[in-house]
2 protein chains.
Amino acid sequence: MLSLTEENYLKAIYHLSDDGSKSVLTNDLAAAMNTKAASVTDMIKKLSAKTVISYEKYYGVNVTSKGKNEALMVIRKHRLWETFLVEKLGFSWDEVHEVAEQLEHINSTRLIEKLDEFLGFPKVDPHGDPIPDNKGKLKIMPMVAIDQLNIGYQGKIAAVKDSDSQLLKYLDKIGAKPGTKLKILNKEAYDESMEVLINDHRIFISKEVSQNILVVE
Amino acid sequence: MLSLTEENYLKAIYHLSDDGSKSVLTNDLAAAMNTKAASVTDMIKKLSAKTVISYEKYYGVNVTSKGKNEALMVIRKHRLWETFLVEKLGFSWDEVHEVAEQLEHINSTRLIEKLDEFLGFPKVDPHGDPIPDNKGKLKIMPMVAIDQLNIGYQGKIAAVKDSDSQLLKYLDKIGAKPGTKLKILNKEAYDESMEVLINDHRIFISKEVSQNILVVE
DNA sequence: AAATATTTTTAGGCTGACCTAAAAATTATA
DNA sequence: TATAATTTTTAGGTCAGCCTAAAAATATTT
Ligand SMILES: [Mn+2]
Ligand SMILES: [Mn+2]
Ligand SMILES: [Mn+2]
Ligand SMILES: [Mn+2]
């Protein structure tokens, strides 16, 4: 059993490791968790003792398969709750993250199964992020941010980065949500700003924005 | 701001004080919280410093009006979540308490307002307990357990005690839920068992059970 | 009103999750 | 390859929430 704090650390490690594919450095984790490196070292030892990560002194940490599964269960809960807040309670997608950060730690298998069913077994959350199934299986779609793509690209928005609430408000305003049609009309070499067609509306977006709109590769 | 632990202590104090009407002794609180008296004394000092209770050494604690309000907001959340679990997720009424004990600590005014609306502003929870409004106003109905009533009494079940999950399962089986018609047919003087009509079904119940079925006085 | 029993508080310690400052290991640079 | 810079760990301390054992206050008996 992990404490709330341990769950948050493990989730951060999982994300920083790109879904478990690379090792995570102490300082990066400290930055992500808004703590000091010394605190991270303390926690790393505890998580290591609980066999959810493996740890080689001075060379960073890796999630074990057990840890990966536990991280995915927390992520599952987070994304199901976000979906509930938007679909059932009428939250907008920029308001859900903070609350989901709390709800993801509620401990009840029955609750999360019932919630999943109530929501109609959604595959993605409001930001387009995939929801792991109850076995911890995650359908990973390889995605690119549209700032990496060229003029003429056409496709559908698959997801948006859900980190910043102000950004989400703006994306909402310009209609950039998962499922929406998108075409790249022009790209300015100087600042990498773009002219795009979102749902047949012509709009100019900065690189800062285009980095946060994802499509399936 | 109260911590999760402080919220739980305050709620227990509120309940043990009969909704704030009498003072609560250290040992009783220790028993309710499953801790030791020394730990209770520590916590009492903290809650007192936060002005949610008043405390006279050796003579127990009383909730202040601020404390009463904060306790009622936690109770409001608890009962709204229980209602959600039963009405929307299909939990049975004997399964909800544990989960609601966790959910009641989620901190988001917006969430609880939206949830209230989503549930259609319910007045009582699945066990018949009244749900405080968003101002902390509680509609107190004076209730009696039916073991206190005489042969011939007729009325409707208003609430049941929600402490024991096994009892709730049994009450469910015999159809004793809030809103159901009830009539007392007979009472055995020796062990205070009763013969009652619940929803027109004749049934015998022990005093242990009748103590937990409440009607409006 | 003393003596005894009970309740409550104080004293001192532990653990989890944090911190700062100093030491150790690694990496980069001259 | 020695020196400097950076990263990470260790050492030692704080605070919340718990504990046991002892002391103090209150309540009950005789
Ligand atoms: Mn989120
Ligand atoms: Mn999301
Ligand atoms: Mn309950
Ligand atoms: Mn209830």
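Residues numbered from 1 in each chain as written. Chains lettered and ligands numbered in written order. Predicted model: local features only at pLDDT ≥ 70, side-chain atom pairs only at ≥ 80, totals over all residues. Heavy atoms only, no water.

Draft legend 1. Fine view of the protein's contact with DNA strand C. Around DNA strand C lies a shell of 23 residues, among which Ser3, Ser39 and Lys46 of chain A together with Lys45 and Tyr55 of chain B are the nearest. At the protein interface, 82% of the atoms of DNA strand C within 4 Å belong to sugar or phosphate. One nitrogen or oxygen atom from the side chain of tyrosine 58 of chain A is found 3.3 Å from a sugar or linking oxygen belonging to DNA strand C. Within the side chain of threonine 41 of chain B, one N or O atom sits 2.9 Å away from a phosphate oxygen of DNA strand C. Residue assignment for the surface near DNA strand C shows that the elements contributing at least two residues are α1 (4-16) and α3 (37-49) of chain A together with α2 (26-33) and α3 (37-49) of chain B. Ranked by the residues each element gives to the surface near DNA strand C, the list is headed by α3 of chain A, at five residues. Class assignment of the residues belonging to the surface near DNA strand C gives a composition of 10 nonpolar, seven polar and six charged. (Near = heavy atom within 4 Å. Polar contact = N/O pair within 3.5 Å; in protein donor to acceptor, adjacent residues only side chain to side chain. Helix = DSSP H or I, 4+ residues; strand = E, 2+ residues; numbered from the N terminus. Nonpolar A, V, L, I, M, F, W, Y, C, P; charged D, E, K, R; others polar.)

Draft legend 2. Expanded view of the coordination of the manganese ion (ligand 1). All names here are of chain A. Distances from the manganese ion (ligand 1) to its protein donors, His78 (NE2), Glu82 (OE) and His97 (ND1), fall at 2.0 to 2.2 Å. All donor residues of the manganese ion (ligand 1) come from one chain, and their arrangement in sequence is H-x3-E-x14-H. A separation of 3.6 Å is found between the manganese ion (ligand 1) and the manganese ion (ligand 2), which are bridged by glutamate 82. Of this pair, histidine 78 sits in helix α4 (residues 65-87) while histidine 97 sits in helix α5 (residues 96-103); the two residues are 19 residues apart in sequence, bridging distant segments of the chain. When its relative accessible area of 27% is taken as the criterion, histidine 97 is described as partly exposed. (Donors = N, O, S within 2.8 Å, 3.2 Å for Na, K, Ca; no water. Buried < 20%, exposed > 50% of the residue type's maximum accessible area, 1.4 Å probe, protein only.)

Draft legend 3. Molecular detail of the domain arrangement of chain A. Entries for chain A in the domain assignment read domain 1 (4-63) and domain 2 (143-216). If you average the C-alpha positions of domain 1 of chain A and of domain 2 of chain A, the two centres end up 32 Å apart. (Domains from an automatic or database assignment.)

Draft legend 4. Representation of the sheet that holds strand β6 (residues 194-198) of chain B within the structure. All names here are of chain B. Taken in spatial order, the six strands of this open sheet run β3-β8-β4-β5-β6-β7, and their pairing is antiparallel. The open sheet is flanked by β3 (143-145) and β7 (201-205), the only strands paired with a single partner. Here the strands of the sheet are splayed against their neighbours by 45° on average, with no regard to which way each runs. Here strand β4 (residues 154-160) pairs with strand β5 (residues 181-187) via three bridges, running antiparallel. Across the sheet, glutamine 154 pairs through a bridge with lysine 183, a residue of β5. Across the sheet, helix α7 (residues 165-173) is in contact with β4, β7 and β8 (213-216); its angle to β7 comes to roughly 150°. (Pairing = 2+ DSSP bridges. Axes fitted to C-alpha atoms, helices over the stretch in contact; angles between N-to-C directions. Contact = heavy atoms within 4.5 Å.)

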